[in-house]
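Chain residues, written in single-letter form:
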Amino acid sequence: MKYRRLGRTGLKVSEISLGSWLTYGNSTEKNKAVSTIEAAYSLGINSFDTANVYARGEAEKIVGEALRRYPRESYVLATKVFGAMGDGPNDKGLSRKHIFEQLHGSLKRLQLDYVDIYYCHRFDTETPIDETLRALDDMVRQSKVLYVGVSEWTAQQIQAALGTADRYLLDRIVVNQPNYSMLHRNIEKEIIPVSSQSGISQIVFSPLAQGVLTGKYKRGGDLPDESRASDPKANMFMERLLSDEVLLKVEQLEKTAKELDISLSQLAIAWILRQPNVASALIGASRPEQVEENAKAVEAHLPDEILKKIDTILQ
């Protein structure tokens, strides 16, 4: 495994991170989830990601239990706040009340004293940004959070947060968690330039476009059994990714991967890691062998001619 610094901090995270969205506490049986986390740790992956809303806290419980057998200083654990955890008017968002209550709820489920990274899972248009940042700064000062991040914020929202933090001498954002893959490149235009200038790294989710960039889905073919696309609990964002236009690109990318004697998933992750502002690619896995396959991507080298070929395919 290889490691990169997270933004302007001294923290180092593995180039591959393991997430728990749509899997642990949901579609993946507990023992499989634990064995997958164990496999990731044995491969040198030190970065693990979850959120309070994943299976309404069940994912946090599984991740916390699996990591408890390892020294706390040996891994970096992230969780998140924003999404609804109840039906009340204060059970979602980034208010001081919700942040305070949800962080302590997450720590209880994880059975930990602190989390390494605490993400604002989305931007809250109903809460003043200084209220959110002050609440997070308090959690940092109480040593319950070490680093603050955001997920799926726009470049303008990130800039507003940085300006507010500097104005009031509050803890700064050091990491963003966006959707980024060969099939979803939105962050390249504004997010990455702003982040690079501000000392913020990306830990990107869905680098395999929810499994489409593994090559398992074929034009005109049936959906594979036990795949994400065939699971109504997990396929809510996949319709666009399964069009003939997208799957034709995937076929061409798979041929390119074969030229390098690597899998399509390894090509997709290595392509993401070509970007210096990306600290880590966050994969989802329900079986240990999936982690082992994807972790090999850190060894792949993509020559300039291959990168140009990929750009031509994607255009």
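For clarity, every value in this text was computed on a predicted model and none was experimentally measured.

Conventions used here
- Every residue gets a number counted from 1 within its own chain, in the order that chain's sequence is written.
- Per-residue local features are limited, in this predicted model, to residues with pLDDT of at least 70; the limit for side-chain atom pairs, both in listing and counting, is 80 or more; totals at the level of whole chains, interfaces and linings are taken over all residues.
- Water and hydrogen atoms were dropped before computing side-chain values, which therefore reflect all heavy atoms in the structure.
- Strands are runs of DSSP state E lasting at least two residues, helices are runs of H or I lasting at least four, and both sets are numbered from the N terminus onward.
- We take the radius of gyration over the C-alpha atoms and set the globule estimate at 2.2 Å times the residue count to the 0.38 power.
- Burial here depends on accessible area, computed with a 1.4 Å probe over protein chains only, as a share of the maximum for the residue type. Under 20% is buried, over 50% is exposed, and the range in between is partly exposed.
- Stacked, tilted and edge-to-face are the three classes assigned to paired rings of Phe, Tyr and Trp, where Trp is represented by its six-membered ring and a pair needs centres within 6.5 Å; plane angles under 30 degrees give stacked, over 60 edge-to-face, the rest tilted.
- Whenever two N or O atoms come within 3.5 Å, that pair is a polar contact, provided that in protein one can donate a hydrogen and the other can accept it, and provided that, for residues adjacent in sequence, both atoms are side-chain atoms.
- For this analysis, residues touch if any pair of their heavy atoms sits within 4.5 Å.
- Throughout this description, the term nonpolar core refers to a set of buried Ala, Val, Leu, Ile, Met, Phe, Trp, Tyr and Cys residues connected via side-chain atoms within 4.5 Å.
- Pairing between strands is defined by DSSP: at least two bridges between them are needed.
- Here an axis means a line fitted to C-alpha atoms, over the contact stretch when the element is a helix, while the angle between two N-to-C directions is reported on a 0 to 180 degree scale.
- Counted as salt bridges are all cases of a side-chain nitrogen of Lys or Arg within 4 Å of a carboxyl oxygen of Asp or Glu.
- By convention the crossing between two helices is left-handed if the near helix lies anticlockwise of the far one by an angle smaller than a right angle, and right-handed if it lies clockwise.
- For this scheme, ten residues count as nonpolar: Ala, Val, Leu, Ile, Met, Phe, Trp, Tyr, Cys and Pro. Four count as charged, namely Asp, Glu, Lys and Arg, and the remainder, Gly too, count as polar.

Caption draft 1: Here's a closer look at the overall build of the protein chain. In terms of regular secondary structure, the protein chain is built from ten helices and ten strands. Computed over its C-alpha atoms, the radius of gyration of the protein chain comes to 19 Å, within 12% of the 20 Å expected for a compact globule of 315 residues. Summarising its shape, the C-alpha atoms of the protein chain cover approximately 50 × 40 × 35 Å along the three principal directions. For the protein chain, the residues scored as buried account for 55% of the 315 residues in total.

Caption draft 2: Layout of the packing of aromatic side chains. What the rule picks out here adds up to three aromatic pairs. Relative to Trp271, the ring of Tyr180 lies with its centre 5.6 Å away and its plane at 35°, an arrangement referred to as tilted. Taken as a pair, Tyr180 in the loop between β8 (173–177) and α6 (191–198) and Trp271 in helix α8 (residues 264–273) lie far apart in primary sequence, 91 residues in all. On the accessibility criterion, Tyr180 (0% relative accessible area) is buried. Residue Trp271 is classed as buried on the basis of its relative accessible area, which comes to 0%.

Caption draft 3: Layout of the side chain of Ser47. Secondary-structure assignment places Ser47 in strand β4 (residues 47–49). Of note is the side chain of Ser47, whose polar atom sits 2.7 Å from the side chain of Ser17. Setting aside chain neighbours within four positions, we find Ser47 in contact with Val13, Ser14, Ile16, Ser17, Leu18 and Val76.

Caption draft 4: Fine view of the nonpolar core. If you look at the biggest cluster of nonpolar residues, it comprises 83 residues, and the most contacted ones within it are Phe48, Trp153, Met182, Leu183, Val212 and Leu213. By residue number, the principal contributor to this core is α8, which donates eight residues. Residues contacting Phe48, with those up to four places away along its chain left out, are Leu18, Ile37, Ala40, Tyr41, Leu67, Tyr75, Val76, Leu77 and Ala78.

Caption draft 5: Representation of the sheet that holds strand β9 (residues 201–205) in the model. A barrel is described by the order of its strands in space; here eight strands give the closed sequence β3-β4-β5-β6-β7-β8-β9-β10, paired in parallel fashion. With direction set aside, neighbouring strand axes in the sheet form an average angle of 30°. Of the pairings in the sheet, the one linking strand β5 (residues 76–81) to strand β6 (residues 115–120) comprises four bridges and is parallel in character. Bridge pairing links Ala78 to Ile117 in β6.

Caption draft 6: Representation of the pattern of salt bridges within the structure. One pass over the structure, following the stated rule, counts 17 salt bridges. The salt bridge involving Arg4 is made with Glu15; its shortest N-O contact spans 2.8 Å. Here the residue Arg4 occupies a position in strand β1 (residues 3–5), and Glu15 occupies one in the loop between β2 (12–14) and β3 (16–18), the gap between them amounting to eleven residues. Per residue, the accessibility class of Arg4 equals that of Glu15, and both read buried. The salt bridge partner of Lys309 is Glu259, with a shortest N-O separation of 2.3 Å. Of the two residues, Lys309 is situated in helix α10 (residues 304–314) and Glu259 in helix α7 (residues 244–259); the sequence distance between them amounts to 50 residues. Three or more residues are tied together by salt bridges with common partners; here these are Arg185, Glu188, Arg274 and Asp311.

Caption draft 7: Layout of the packing of helix α4 (residues 129–141) against helix α5 (residues 155–168). Interhelical geometry of α4 versus α5 gives an angle of 65° and a closest axis separation of 10 Å. Like other packed secondary-structure pairs, α4 and α5 cross with a definite hand, here right-handed. Within the contact between the two elements, α4 uses Ile129, Asp130, Leu133 and Arg134 and α5 uses Gln157, Ala160, Ala161, Thr164, Ala165 and Tyr168. Taken together, the residues that form the contact of α4 with α5 break down as six nonpolar, two polar and two charged.

Caption draft 8: How the structure looks around the pairing of strand β10 (residues 278–283). In terms of burial, β10 is largely enclosed, as six of its six residues are buried. As judged from the four bridges shared by β9 and β10, these two strands associate in the parallel manner. Paired with Gln202 across the strands is Val278, a residue of β10.

Caption draft 9: Main features of α8. Within α8, ten of the ten residues are buried, which leaves the element mostly enclosed by the surrounding structure. All of the buried residues in α8 are Leu264, Ser265, Gln266, Leu267, Ala268, Ile269, Ala270, Trp271, Ile272 and Leu273.

Caption draft 10: Representation of the environment of Gln275 within the structure. The residue Gln275 is located in the loop between α8 and β10 in this model. For the pair Gln275 and Glu188, spaced 87 residues apart in the sequence, the C-alpha separation amounts to 9.6 Å. If we skip the residues at most four places from it in the chain, Gln275 touches Arg4 and Ile192.

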